[in-house]
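Geometric and topological summary
Okay, here's what each chain looks like letter by letter:
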Amino acid sequence: MKLSVRLAGLGALAALLATACAPQTSGNTSSDKDEKTGTLRVWLFQEVGNTPKEKVVDSVVADFEKAHRGTEVSVEYIPIDTRAQRVKAAFNDPASAPDVMEYGNTDTAGYVKDGGLLDVTKEFGDWSEAKDTDPTAKQSVTVDGKVYGAPFYVGVRALYYRTDVFEELGLSVPRSMAELASTARKIRAAKPELYGLVVGGAYTYGAMPFVWANGGELATGKGGSYASGIDSPKARKGIEAYTSLFGDDNCPAAKCAGMGGNDTISAFAAGKAGMAIGGDFSHTAVEAGKVKGKYAVVPLPGVRPGSIAPAFAGGNNIGVLKSTSHRTLAVQLMERLASKKTQAALFDAMGFLPTFTDVRREAAREEPFVKPFVQTLSAGTKFVPASPAWAQIDSQLVLPTMFQEVVSGKKDVSRASEDAAKKMNTAFGSTG
């Protein structure tokens, strides 16, 4: 039985309660209207192979329209690559804006600063399903203690490895970062045609677990005021651990320095690497590659043997725009789209990892490949600073530039991290 079917009864009950008890307003909407009928506009991201997602959403919309007579829901799927322009235009022109939209969880702080997202702190607190939300997922919709949406799905990375290569070479699965590095070099030495552990100089979220596992942080602070932590001694130790993997004895800098996350997964899927750091969202691509049936996944090990390195908790959220003239309906639709029932259905359809801990546990029981990612989430994850400056830091490639400068030999870890910290602090300062 599919996970979504198993949770259907619970979802139906939640939907009934949501319909019977309209959420209270938080009083920060920029529209004076709260119309109870009419058309709700929704923007969701266009995925590769979007049809299964559309079918799930169509079902949610049909149920919502049936429960709210006189209401229609219009869904538009927008390209992820051009979302910034569309969202900016929507914030500047409420008449063209949707009522509800999907957005990347690293965009939350920026959208809040721009005044685009509605504060739904009260409604989220009253939502019966919210109590089971993963804490890191909740953090991704929270800015300065206020909630600006509902988590939609989460994604984390773990260690993919070739079972056939490990068996042939008599290797054990690495239990620490030191063992990870030594195992990678053993694979490369025995099979020069393979990368031991394929790494990328432009793979920020593949590199950050090394920083976090060594006790470093991207930044320190709260309440919108941050200072870079990437040049701390502990962060530098993590940078050194990651960049030491770029060499002829594992992943040659000439080939690997420019690689991003997709490049590393493509190399692994094509049978060109013994190990790779990939996400739950990489599973489909690996299954479609040459290594199908010849790999397994475990949590990325930390510094201490048997520990799990902290991973970045990526994913998307669902939020209500502040300009909506259908505030009550929009919040109810947000909750319906982000509900346990919908997330279970999207896991079945798309492999999106649920943000509810109980739904995720059920997913792991149903699909064994999910288990190492759930273990990683349970061990504790990390997130980017809740600052609008992060979008600027990310778009300016501050961290990839730092890693590539070290890998290329242009700068040592101390100087490269110091320069990166200066750029980050400039961005933090420019956003107030």
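In this text the structure is predicted, and so the values were computed from the model without any measurement.

Ordered by their spatial adjacency, 4 strands build an open sheet running β8-β11-β7-β12, and the pairing between neighbours is mixed. Two strands close off the open sheet at either side, each with one partner strand: β8 (195–198) and β12 (295–298). For this sheet the average axis-to-axis angle between neighbouring strands, irrespective of direction, equals 20°. As defined by bridge partners, strand β7 (residues 157–162) adjoins strand β11 (residues 273–279) across 5 bridges and the pair is classed as antiparallel. Directly across from L159, in β11, lies its bridge partner I277. Seen against the sheet, helix α13 (residues 261–269) touches β7, β8, β11 and β12 and runs at an angle of roughly 135° to β11.

Once that is clear, we can look at the packing of aromatic side chains. Summed over all chains, the structure comprises 17 aromatic pairs. Ring centres 4.0 Å apart and planes at 15° place the aromatic pair Y205 and F312 in the stacked group. Here F312 lies in strand β13 (residues 311–312) and Y205 lies in helix α10 (residues 204–213), a separation of 107 residues in the sequence. Here Y205 and F312 have matching classes, each one buried. Linked through ring pairs, Y160, F268, Y295 and F373 together constitute an aromatic cluster.

What counts as what
- For every chain, the first residue of its written sequence is number 1, and the numbers climb from 1 along that sequence.
- For this predicted model, a pLDDT threshold of at least 70 governs which residues receive local features, and a threshold of 80 or more governs which side-chain atom pairs are given and counted, while totals over whole chains, interfaces and linings are taken from all residues.
- Excluding hydrogens and water, the side-chain figures rest on all heavy atoms present in the structure.
- Two strands are said to pair when DSSP picks up at least two bridges between them.
- Here a strand is any run of E in DSSP of at least two residues, a helix any run of H or I of at least four, and the numbering for each starts at the N terminus.
- To define axes, lines are fitted to C-alpha atoms, for helices over the stretch in contact only, and angles between the resulting N-to-C directions are given on a 0 to 180 degree scale.
- Note on contacts: a residue pair is in contact if any heavy atoms of the two residues lie within 4.5 Å.
- Any Phe, Tyr or Trp ring, taking Trp's six-membered ring, that has another such ring centre within 6.5 Å forms a pair; planes under 30 degrees apart are called stacked, those over 60 apart edge-to-face, and the others tilted.
- Burial classes: relative accessible area under 20% of the type maximum marks a residue as buried, over 50% as exposed, and values in between as partly exposed (1.4 Å probe, protein chains only).

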